[in-house]
Amino acid sequence: MSVHYTLNLRVFWPLVTGLCTAFVCLYHVLRGSGGARAEPPDGADGGFPLLKISVLLLLGYILLRCRHAVRQRFLPGSPRLGGHSTFSPRHFQEPSLDILLESYYEHEVRLSPHVLGHSKAHVSRIVGELVRAGRARGSPGLIPGGTLALAFRGDFIQVGSAYEQHKIRRPDAFDVLVPLRLPPLVALEPRSLGAQPALAPAFHGCFVCALKAPPGASGGHWLRDCKPFAEGFCVDVRGRRHLSATLVLRWFQSHLQRSLATVRYSLEERCRVTLTPGGLEQPPTLHILPCRTDYGCCRLSMAVRLIPAIHLGDGVFLVAPPPPSSPVGPLSELPEGLRADALWGVNTARQEQKLLGWLQERAPPGACYLKCLQLLKALRDLGARGLDPRAAAQWGRILSSYVLKTALLAVLLCERAPEQGWDEAHLGKRMEQLVRFLRDCLLGRQTLFHCVLGLGGAAAEVGPLPKVLREAAPVDLLAAFDGHARELVAARLLSTWRRLPQLLRAYGGPRYLARCSPPRSQRPQHSQGFPKDEP
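Keep in mind the model is a prediction, meaning the values are calculated, not measured.

Attention now moves to the overall build of the chain. If you tally the helices and strands in the chain, you get 15 helices and 12 strands. Scored against the burial criterion, the 535 residues of the chain give a buried share of 42%. Taking the contacts inside the chain whose residues are at least 6 apart along the sequence as the reference set, 73% of them involve residues at least 24 apart. Accessible surface, the chain: about 28000 Å² in total, of which carbon and sulfur atoms supply 57%.

Structure follows, in structure tokens:
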């Protein structure tokens, strides 16, 4: 993907004027330091004085500014004309939705691959040093016996939109899994909770993880030998010891703090690093701030969520804590005997990346899969404007990035030939198709299942899934939200789509866009909204 840069005339011409003035000053200083020059025979000045050249440059800049102001004054639709154009309607036509979307994507949504690449490399270096320090420290003194404690495995796994090529706007937030190593005497038996009918829908995507003896271990000796680990990291659930996400997260945050203290000094020359604990509901966040002596081209402040992960095999990880899937998290609705601190989330980023890669391999050059997903995220952000903080938070939870990505995958896999009709010329139509599908899911006309969990998961199209995922029940991503909230989100989503041309003109790109629209006969024809009789 090539990088496009736009020339900012408001900065360019003053910069040229200043540089020319600096060069003239330097010329006169060097000429004067060379000694007194001889007088011309006729007594005239042998060169242009500095004042004359400066005045000429200033007059040129003023003329360019006046020309720009005149063009803006007589531009069609200029506010100085009260919204009335002096041009004939046949000379001025509104730009099509596709042109507005393309302009908004280039100026507001699209990330520079150069900046994103530098940011990912910077995050990789900092997190790599921190994880290696954590592995070297081990877990001394946390549990009697030392070897029966958790430890960093020594590597990390980068997940999320920044590594799937559909992040938007700024590369300032990243997610990184930090795999933990279990003691050799400990084995795990994960189980999905999605098949329990008495469980609230908010917990259908959660897992519990019981301890079991590894193959070849004697039951009585194993219980005695792993007792220190069970007392430090496990809780009792229905008479059986289960690995506690809360206790593991607490140990992980304290171990990160100690590891950061050992590498902070070596990082001071490159950046300033701080760690913010997330408590018991969020993983810790590593804040990477550029130092004052860093003169690199990508001086960005970045937040990296460090997520503790337990590897179950085949690229599947249990993560702590489970991602919040409902607005309130009804812990009181847990069945008797099931504890909230024993609940884990599951990360299936490897299977999802494999599915996206499989779709991209089948797609022709120029397919707009990822561009549609990025614009769908931007549409969500535009719809959140004007909402109070509580409503905006609910809007963002229901239309989360994972929900939008799953909707795109569901639409692609439902089509018989998903590689057809997704070229750039049909961008507006495909966006409308995705909005329609989301509307149907929010109103209960369609079901938006997790794309990996269960036998019917979309990732099964790529290849066989790990056993722990095949045995999990299908999870409806929107079932945790009440019907009224979903109806309100669906209505606002449709309203945002109908008003999208006006929103894009207000927020989406340069003012010269109206002057470069093609004739109406050359624009792709498609509906910009929904029929009025549809909710």
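On we go.
Right, let's get into the packing of helix H9 (residues 369–383) against helix H14 (residues 483–498). Packing of H9 against H14 brings their axes to within 10 Å, and their N-to-C directions diverge by 105 degrees. By the criterion of interaxial angle, the relationship of H9 to H14 is roughly perpendicular. The segment H9 lies against H14, with Leu379, Leu382 and Gly383 engaging Arg492, Leu493, Thr496 and Trp497. Looking at the contact of H9 with H14 residue by residue, the classes come out as 4 nonpolar, 2 polar and 1 charged.

Let us now look at the packing of aromatic side chains. Using the criterion set out here, one finds 6 aromatic pairs in the structure. For the ring pair Tyr163 and Phe174, a centre distance of 6.0 Å and an interplane angle of 55 degrees mean the geometry is tilted. In this pair, Tyr163 is assigned in the loop between strand E2 (157–159) and strand E3 (173–181) and Phe174 in strand E3, connecting sequence segments 11 residues apart. The exposure class assigned to Tyr163 is buried, which follows from its relative accessible area of 15%. Considering the side-chain rings of Tyr369 and Trp422, the 5.5 Å spacing of their centres and the 75 degrees angle between planes classify their relative orientation as edge-to-face. Placement of the pair is Tyr369 in helix H9 and Trp422 in the loop between helix H11 (401–414) and helix H12 (427–442), with a sequence separation of 53 residues. Comparing Tyr369 with Trp422 shows no difference in burial state: the two are buried. Following the ring pairs from residue to residue traces out a cluster consisting of Phe152, Phe229, Phe233, Trp251 and Phe252.

What follows covers H14. Its 16 residues give H14 an end-to-end C-alpha distance of 23 Å, which sits within 8% of 22 Å, the value for a rise of 1.5 Å per residue. For H14, the full list of buried residues reads Ala485, Arg486, Val489, Ala490, Leu493, Leu494, Thr496 and Trp497. In a view along the axis of H14, the buried residues occupy a sector of 165 degrees, so they form one face of it. Two or three places before His484, at the start of H14, stands the capping residue Asp482, its side-chain oxygen 3.2 Å from that residue's backbone nitrogen.

Across all of its chains, the model carries 1 cavity of 30 Å³ or more by this definition. Together, Leu101, Tyr104, Leu375, Ala378, Leu379, Leu382, Met431, Leu500 and Leu504 line the largest cavity. Tallying contributions element by element places H9 first for the lining of the largest cavity, with 4 residues.

One pass over the full model with this rule turns up 16 salt bridges. For Glu164, the salt bridge is made with Lys405, and the minimal N-O distance between the two is 3.2 Å. Of this pair, Glu164 sits in the loop between E2 and E3 while Lys405 sits in helix H11, and the two are 241 residues apart along the sequence. Each member of the pair, Glu164 together with Lys405, is buried. Across the salt bridge formed by Arg170 and Asp172, the nearest N and O atoms sit 3.5 Å from each other. One salt-bridge network, in which partners are shared between bridges, spans Glu102, Lys371 and Glu424.

With that out of the way, let us pick up the pairing of strand E7 (residues 240–243). Where strand E6 (residues 234–237) and E7 come together, 4 bridges link them in antiparallel fashion. If you follow Cys234 over to E7, its bridge partner there is Leu243. If you look at the hairpin formed by E6 and E7, you'll find 2 residues sitting between the two strands, and Arg238 has a positive phi there, around 55 degrees.

Leu243, Leu286, Val304, Leu306 and Trp344 are the most contacted members of the largest nonpolar core, which totals 111 residues. The contacts of Leu243, once residues within four sequence positions are left out, are Leu188, Cys209, Leu211, Phe229, Phe233, Cys234, Val248, Ile310, Ala342 and Trp344. In this structure, Leu193, Cys206, Val208 and Leu343 belong to the second largest nonpolar core, which totals 13 residues.

For the rest of this paragraph, the subject is the side chain of Arg380. Assignment of secondary structure puts Arg380 in helix H9. Once you skip the residues sitting within four places of it in the chain, Arg380 turns out to touch Trp395, Leu399, Ser400, Ser401 and Leu404.

Bringing the state of the cysteines into the picture now. Considering all chains together, one arrives at 0 disulfides under this definition. Free cysteine: Cys368, not disulfide-bonded; nearest cysteine sulfur from Cys372 at 3.9 Å. On the basis of relative accessibility, which here comes to 1%, the residue Cys368 falls in the buried class.

Omega for the bond connecting Ala320 with Pro321 falls within 30 degrees of zero, at -10 degrees, which places this linkage in the cis form. Of note in this structure, Arg169 is not a glycine but carries a positive phi near 65 degrees. If you trace the backbone, Arg169 turns up in the loop between E2 and E3. Positive phi values are uncommon outside glycine, yet Arg238 reaches one of about 55 degrees. The residue Arg238 is located in the loop between E6 and E7 in this model.

Moving on, we get to the confidence of the model for the chain. Interpretation of this model should avoid reading the predicted coordinates in detail wherever pLDDT is low. When the pLDDT values of the chain are averaged, the result is 77; 72% of them are 70 or greater. Per-residue pLDDT, averaged within each element of the chain, yields its smallest value for helix H2 (residues 50–73) (63) and its largest for E3 (95). Note on residues 140–146: pLDDT under 50 across the span, and 9 contacts to partners over four residues away in sequence or across chains. Throughout residues 511–535 the model reports pLDDT below 50, and contacts reaching past four residues in sequence, or to other chains, amount to 58 contacts.

The next subject is the side chain of Asn347. Mapped onto the elements of the fold, Asn347 is located in strand E12 (residues 345–347). In this structure the side chain of Asn347 is engaged in a polar contact, spanning 3.1 Å, whose partner is the backbone nitrogen of Ala349. Sequence-distant contacts of Asn347, defined by excluding residues within four places in its chain, comprise Val159, Leu177, Gly315, Val316, Phe317 and Val319.

Rules used in this analysis
Residues numbered from 1 in each chain as written. Predicted model: local features only at pLDDT ≥ 70, side-chain atom pairs only at ≥ 80, totals over all residues. Heavy atoms only, no water. Helix = DSSP H or I, 4+ residues; strand = E, 2+ residues; numbered from the N terminus. Buried < 20%, exposed > 50% of the residue type's maximum accessible area, 1.4 Å probe, protein only. Contact = heavy atoms within 4.5 Å. Areas by Shrake-Rupley, 256 points an atom, 1.4 Å probe, with all protein chains shown as cover. Axes fitted to C-alpha atoms, helices over the stretch in contact; angles between N-to-C directions. Parallel < 35°, antiparallel > 145°, perpendicular 65-115°, else oblique. Nonpolar A, V, L, I, M, F, W, Y, C, P; charged D, E, K, R; others polar. Phe/Tyr/Trp six-rings, centres within 6.5 Å; stacked < 30°, edge-to-face > 60°. Expected span 1.5 Å × (residues − 1). Arc of directions from axis to C-beta. Polar contact = N/O pair within 3.5 Å; in protein donor to acceptor, adjacent residues only side chain to side chain. 1 Å grid on protein atoms, 1.4 Å probe; cavity = no way out; pocket = protein on both sides within 12 Å on 5 of 7 lines; lining within 4 Å. Points joined across faces, edges and corners; volume = space filled by probe spheres on them. Salt bridge = Lys/Arg side-chain N within 4 Å of Asp/Glu carboxyl O. Pairing = 2+ DSSP bridges. Core = buried A, V, L, I, M, F, W, Y, C linked by side-chain atoms within 4.5 Å. Disulfide = S-S within 2.5 Å. pLDDT = per-residue confidence, 0-100.

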